[in-house]
Amino acid sequence: MGNLLGGVSFREPTTVEDCDSTWQTDSEPEPEEPGPGGGSEGPGQEPEQPAQPPERAGGRPRASPAPDEDAEAAGAEQGGDSTEATAKPKRSFYAARDLYKYRHQYPQNFKDIRYQNDLSNLRFYKNKIPFKPDGVYIEEVLNKWKGDYEKLEHNHTYIQWLFPLREQGLNFYAKELTTYEIEEFKKTKEAIRRFLLAYKMMLEFFGIKLTDKTGNVARAVNWQERFQHLNESQHNYLRITRILKSLGELGYESFKSPLVKFILHEALVENTIPNIKQSALEYFVYTIRDRRERRKLLRFAQKHYTPSENFIWGPPRKEQSEGSKAQKMSSPLASSHNSQTSVHKKAKDFKNSSSAVHLNSKTAEEKKVAPKEPVEETDRPSPEPSNEAAKPRNTEKDSNAENVNSQPEKTD
């Protein structure tokens, strides 16, 4: 086992740019209309890496009124009211790192490599054990809690059981998923059937309904009341992030894009849930593993985001970076040119001085052949600037590690 662990290498990302590969392959061909994201790894999907122990990179969201479901590290900032903010938002490093780890299968999760839990998540979904600490079975949750919005809103221990992840949430009775348990879960039809019912129940709680087997969603009958609640009860944004992550873990990656696109449309176009837009852009979009799907969603958001100059999730501005590079190049080259001019000037002054000495001298040396003057060197082409002088200075990466109000979260 020591050799196995010793062969695993992982460099912890230190900047938002390290965590986000969304625009790295922007030249890939893409279909005109966005569709549901694929669950299997494709050309635009980030490669999987060995898994890593879940880390709690943050604390409770500032706007959350109660201890909430997961240790979404970035949860520290998720849920803040972003619609009233006047300052330009900043990318959250904590959010970016959290989602980076999720999208890359939790690199360095040595615990997952050597540890199989007691399959408590699967046994809960098979209705063999109740979730703790409440002691309620899955069938009771699905049949009696459905439509009980007060219970679903104020209970903060069930969500980790309904939507398990490979990271520890705030309910420490709920155990993290392992890769082994995930595979067993996917092979168990009754568990998958109940998982989809739980997903539908939570969508209805948010005012959304699942319309088909491909993951498309629409407004539920009760959408007006529930959207108003969702806009005000921002700790539910953490729940949505957890639900999206869990969908990807348990075989429903393709369900993410339709839900995220729907939320972005309601937040940015319909303005029905404006407070959610920051969490949607910092967290929800980045739970999607296929970078092509992320790009399509971000382009859609950029088209409708206001004020447009505050949209910070788009592709790098290549024309600006190239202009900056040209400007940096001009500085050392100009310096080199000045150096050459100085050399010519000094040589010229020296030549004039030497001539004056020769004219005034009355010694016998005048009859001798005048020595070759070193100033003749100035007639030769001046030396080219050195490579070192022509090289622009490297600029350090802007770590931009802190996020404001929004949310810090979670994948490359």
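For every chain, the first residue of its written sequence is number 1, and the numbers climb from 1 along that sequence. Only residues with pLDDT of at least 70 get local features here, since the model is predicted, and only at 80 or more are side-chain atom pairs given and counted; chain-wide, interface and lining totals rely on the full set of residues. Note that the side-chain values use all heavy atoms of the structure and ignore hydrogens as well as water.

## Section: the overall build of the chain
Next up, step 1: Each helix is a run of DSSP H or I of at least 4 residues and each strand a run of E of at least 2, with the numbering of both proceeding from the N terminus. Along its length, the chain carries 17 helices and two strands.
Next up, step 2: Scored against the burial criterion, the 412 residues of the chain give a buried share of 46%.
Next up, step 3: Only the protein chains shown count as cover for residues, and all accessible areas are computed by the Shrake-Rupley method using a 1.4 Å probe. When the accessible surface of the chain is split by element, carbon and sulfur atoms take 50% of a total near 21,000 Å². Using a 1.4 Å probe on the protein chains alone, a residue whose accessible area is under 20% of its type maximum counts as buried, one over 50% counts as exposed, and one in between counts as partly exposed.

## Comments concerning the packing of aromatic side chains
Next up, step 1: Aromatic contacts are taken between Phe, Tyr and Trp rings whose centres are within 6.5 Å, Trp giving its six-membered ring; a plane angle under 30 degrees counts as stacked, one over 60 as edge-to-face, and the others as tilted. Per the stated rule, a full pass over the model turns up 21 aromatic pairs.
Next up, step 2: Aromatic pair Tyr125 and Phe185: ring centres 5.3 Å apart, planes at 80 degrees, arrangement edge-to-face. Placement of Tyr125 in helix 5 (residues 120–125) and of Phe185 in helix 9 (residues 179–186) is noted, with a sequence separation of 60 residues between them.
Next up, step 3: Judged by centre distance (5.6 Å) and plane angle (80 degrees), the rings of Trp145 and Tyr158 are edge-to-face. One end of the pair, Trp145, is in helix 6 (residues 138–145); the other, Tyr158, is in the loop between helix 7 (149–154) and helix 8 (159–162), and 13 residues separate them in sequence. Taken as a pair, Trp145 and Tyr158 share a single burial class, namely buried.
Next up, step 4: Three or more aromatic residues joined by ring pairs make a cluster, and in this case those are Phe124, Tyr125, Phe131, Trp145, Tyr158, Trp161, Phe163, Phe185, Phe195, Tyr199, Tyr252 and Phe255.
Next up, step 5: Geometry around Tyr149 places Arg226 over its ring, the cationic atom sitting 4.3 Å from the centre.
Next up, step 6: The rule for a charge over a ring is simple: NZ of Lys or CZ of Arg within 6 Å of the ring centre, and within 35 degrees of the ring normal. Just above the ring of Tyr305 sits the side chain of Lys277; from NZ or CZ to the centre is 4.7 Å.

## Considerations on unusual backbone geometry
Next up, step 1: Residue Lys132 is joined to Pro133 through a cis peptide bond whose omega torsion reads 10 degrees.
Next up, step 2: Among the structural elements, Pro133 can be located in the loop between helix 5 and helix 6.
Next up, step 3: Residue Pro307 follows Thr306 across a cis peptide bond; omega there is -10 degrees.
Next up, step 4: Not every positive phi belongs to a glycine, and Tyr106 is a case in point at roughly 55 degrees.
Next up, step 5: With respect to the helices and strands, Tyr106 occurs in the loop between helix 3 (93–103) and helix 4 (110–114).
Next up, step 6: Since its relative accessible area comes to 3%, Tyr106 is described here as buried.
Next up, step 7: The phi dihedral of Asn127 falls on the positive side, at around 65 degrees, and the residue is not glycine.

## Points about the environment of Ile159
Next up, step 1: Within the secondary structure layout, Ile159 lies in helix 8.
Next up, step 2: For the pair formed by Ile159 and Phe131, sequence separation is 28 residues and the distance between their alpha carbons is 9.9 Å.

## Considerations on the pattern of salt bridges
Next up, step 1: The salt bridge definition used is simple: a Lys or Arg side-chain nitrogen within 4 Å of an Asp or Glu carboxyl oxygen. Evaluation of the coordinates by the stated rule reveals 22 salt bridges.
Next up, step 2: We note a salt bridge from Arg194 to Glu139, for which the minimum N-O separation is 2.7 Å. On the criterion of sequence distance, the pair formed by Arg194 in helix 10 (residues 189–206) and Glu139 in helix 6 is long-range, its members being 55 residues apart.
Next up, step 3: The exposure class of Arg194 is buried, given its relative accessible area of 8%.
Next up, step 4: Among the charged side chains, a network of salt bridges with common partners joins Arg166, Glu249, Glu253, Lys256 and Arg289.

## Things to note about the confidence of the model for the chain
Next up, step 1: pLDDT: the predictor's confidence for each residue, scored from 0 to 100. Overall, the prediction assigns the chain a mean pLDDT of 74, with 59% of residues at 70 or greater.
Next up, step 2: Residue contacts follow a heavy-atom distance rule, with two residues in contact if any of their heavy atoms lie within 4.5 Å. Across residues 47–74 the pLDDT falls below 50, and counting only partners more than four positions away or on other chains, this stretch makes 121 contacts in the model.
Next up, step 3: Segment residues 350–412: pLDDT under 50, and 123 contacts once partners within four positions in sequence are set aside and those in other chains are kept.

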